[in-house]
Amino acid sequence: MASVAVARGRDPNVWSAYVQGPPIESVRRLHVTPHVVTVLRFQQPCDAEGTKMLGWEGRFEPVACTGKRVLIEPLQVLGPEDRFLLVVRLADGTEVPFTLMGATRNEGEWPDQQVNVFIEPETREALQSQLKETRQRERLLEEATYRHYKEDTADHALAKLLTTGAINQTSFVERRKRIVKTDDGAEMVVRIFAGKEKAAVLLTVTNRHPSKPWSLAEARLRTTRPGEDPRAPFLFGEARPFALRTDRDEIAPGESGNVAIVVDRSAFKADDGFVKTLALEIYRQDGFLDTYVLLDRRLVRE
């Protein structure tokens, strides 16, 4: 895995709400989006008759209560100013309010997929959940620290400059440019650069999809073998190292973002000299291949 750089997608957005004091006195925000069901999970069954949302008609599927769970699904994208009040009534008559608003790509505003609501935060189940979340935060912090250490390289710094548009601060010279339109509504401007002992690729992705965000799931760099089909996917070559940077985790509909890859001359080395070509593959969030780029060794100047 050290030879493959991957832009990881986010894990499912699951979090817990611990209610302190009367539930009706505090209103929690939920970020929702079309095609994603948000699940509220409680410690006791919900009262379907007493669970209400104001002004939902035509904007949401009917709110469904199934046992201890409440299911919410918007039918359309919510505007920045849209707010909907949802009040969930539990079997014992307790009412818990929520404010529903549209999800964005801003930190902390991803679509909520499941929220575990603990009305009694001192119960064993609630304490176990808090312990699990604490351990998960610790693991993510360790991963982020390791990733920062691993990616603190000159090639990653160059890739960062490319994503910000500061190409004139590098030694890269543009050699080729092409436009790719994918089957998922994205338009990519692919620019290939030559440099001193390095090559680079800059993809400017414009998301033309009406509602679905675009994100990078994985990038792969492999050697190509003589006689192999010169079209992706390249299954038989060896994985080679590279540096990758993006200027955002997710590209919202109608917006654009950059993905930059820097390849060192050493990636072309083989036991018997140098390989002639490396294949770079770009996979989007659903796991499908969006585009690929063939990098010629002549891009890497000595």
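Scroll up to find the structure.
What counts, and at which threshold
- Residues numbered from 1 in each chain as written.
- Predicted model: local features only at pLDDT ≥ 70, side-chain atom pairs only at ≥ 80, totals over all residues.
- Heavy atoms only, no water.
- Pairing = 2+ DSSP bridges.
- Helix = DSSP H or I, 4+ residues; strand = E, 2+ residues; numbered from the N terminus.
- Axes fitted to C-alpha atoms, helices over the stretch in contact; angles between N-to-C directions.
- 1 Å grid on protein atoms, 1.4 Å probe; cavity = no way out; pocket = protein on both sides within 12 Å on 5 of 7 lines; lining within 4 Å.
- Points joined across faces, edges and corners; volume = space filled by probe spheres on them.
- Nonpolar A, V, L, I, M, F, W, Y, C, P; charged D, E, K, R; others polar.
- Buried < 20%, exposed > 50% of the residue type's maximum accessible area, 1.4 Å probe, protein only.
- Arc of directions from axis to C-beta.
- Salt bridge = Lys/Arg side-chain N within 4 Å of Asp/Glu carboxyl O.
- Contact = heavy atoms within 4.5 Å.
- Phe/Tyr/Trp six-rings, centres within 6.5 Å; stacked < 30°, edge-to-face > 60°.
- Core = buried A, V, L, I, M, F, W, Y, C linked by side-chain atoms within 4.5 Å.

### A look at the sheet that holds strand S13 (residues 216-223)
Thinking step 1. Taking strand neighbours across the sheet as the criterion, the three strands line up as S13-S18-S19 in an open arrangement whose pairing is antiparallel. The sheet terminates laterally at S13 and strand S19 (289-296), the two strands that pair on one side only. In this sheet, neighbouring strand axes are inclined to one another by 15 degrees on average, regardless of whether the strands run parallel or antiparallel.
Thinking step 2. Pairing between S13 and strand S18 (residues 277-284): seven bridges, direction antiparallel.

### Remarks on the layout of surface pockets
Thinking step 1. Considered as a void within the structure, the second largest pocket measures approximately 180 Å³ in volume.
Thinking step 2. Lining the second largest pocket are Thr 223, Thr 224, Arg 225, Pro 226, Gly 237, Glu 238, Arg 240, Ala 270, Asp 272, Phe 274 and Val 275.
Thinking step 3. When the residues that make up the lining of the second largest pocket are grouped by side-chain class, the tally is four nonpolar, three polar and four charged.

### Focus on the pairing of strand S12 (residues 198-207)
Thinking step 1. In terms of burial, S12 is a largely internal element, nine of the 10 residues being buried.
Thinking step 2. Examined bridge by bridge, strand S11 (residues 186-196) and S12 share 10 bridges and lie antiparallel to one another. Within S12, the residue paired with Glu 187 across the bridge is Thr 206.
Thinking step 3. Hairpin remark: S11 followed by S12, antiparallel, with one residue in the connecting loop; positive phi at Glu 197, about 60 degrees.

### Overview of helix H2 (residues 154-163)
Thinking step 1. The set of residues buried in H2 consists of Asp 155, His 156, Leu 158, Ala 159, Leu 162 and Thr 163. Along the long axis of H2, the arc covered by the buried residues comes to 155 degrees, so they all point the same way.
Thinking step 2. Positive backbone phi, approximately 85 degrees, marks Gly 165, located one or two places after H2.

### Some details on the pattern of salt bridges
Thinking step 1. Counted under the stated rule, the structure contains 16 salt bridges.
Thinking step 2. Between Lys 198 and Asp 155 there is a salt bridge, and its shortest N-O distance comes to 2.7 Å. Within this pair, whereas Lys 198 is found in strand S12, its partner Asp 155 is found in helix H2, the two being separated by 43 residues in sequence. Taken individually, Lys 198 and Asp 155 each receive the classification buried, so the pair is uniform in this respect.
Thinking step 3. In this structure, Glu 218 engages Arg 220 in a salt bridge whose closest nitrogen and oxygen atoms are separated by 3.2 Å.
Thinking step 4. According to the relative accessible area criterion, Glu 218 is partly exposed, its value standing at 22%.
Thinking step 5. Here the salt bridges do not stand alone but share partners, grouping Asp 183, Asp 184, Lys 212, Arg 284, Asp 286 and Asp 290 into one network.

### A word on the environment of Leu 221
Thinking step 1. Note on placement: Leu 221 falls in strand S13.
Thinking step 2. Counting along the chain gives 13 residues from Leu 221 to Phe 234, while the straight-line C-alpha distance between them is 9.2 Å.
Thinking step 3. Other than its neighbours up to four places away in sequence, Leu 221 contacts Glu 238, Ala 239, Arg 240, Pro 241, Phe 242, Val 263, Leu 278, Ala 279, Leu 280 and Leu 295.

### Quick look at the packing of aromatic side chains
Thinking step 1. Inspection of the entire model under this criterion finds four aromatic pairs.
Thinking step 2. With a centroid separation of 5.2 Å and an interplanar angle of 10 degrees, the aromatic rings of Tyr 18 and Phe 118 are classed as stacked. Taken together, the residues Tyr 18 in strand S1 (residues 14-18) and Phe 118 in strand S9 (residues 114-118) connect sequence positions 100 residues apart.
Thinking step 3. A relative accessible area of 18% places Tyr 18 in the buried class.
Thinking step 4. Its relative accessible area of 2% is what places Phe 118 among the buried residues.

### Here's the deal with the nonpolar core
Thinking step 1. In terms of nonpolar packing, the biggest core is built from 30 residues, with Leu 203, Trp 214, Ile 261, Val 263, Leu 278 and Leu 295 touching the most fellow members.
Thinking step 2. Looking at this core, the elements with two or more residues in it are S11, S12, S13, strand S15 (256-264), S18 and S19.
Thinking step 3. By residue number, the principal contributor to this core is S11, which donates five residues.
Thinking step 4. In contact with Trp 214, not counting residues within four places along its chain, are Ala 186, Met 188, Val 205, Asn 207, Glu 250, Ile 251, Val 259, Arg 284, Gln 285 and Asp 290.
Thinking step 5. Within the second largest apolar cluster, 21 residues are counted, among which are Phe 42, Phe 60, Val 70 and Val 88.

### Some thoughts on the sheet that holds S1
Thinking step 1. Strand order in the open sheet formed by five strands is S1-S9-S3-S6-S5, and the pairing between neighbours is mixed. Because the sheet does not close on itself, it has two edges, and the strands there are S1 and strand S5 (64-66). Direction aside, the axes of adjacent strands within the sheet are offset by 20 degrees on average.
Thinking step 2. As defined by bridge partners, S5 adjoins strand S6 (residues 69-72) across three bridges and the pair is classed as antiparallel. Opposite Thr 66, over in S6, you have Arg 69 as the bridge partner.

The values are spatial; any link to function lies outside them.
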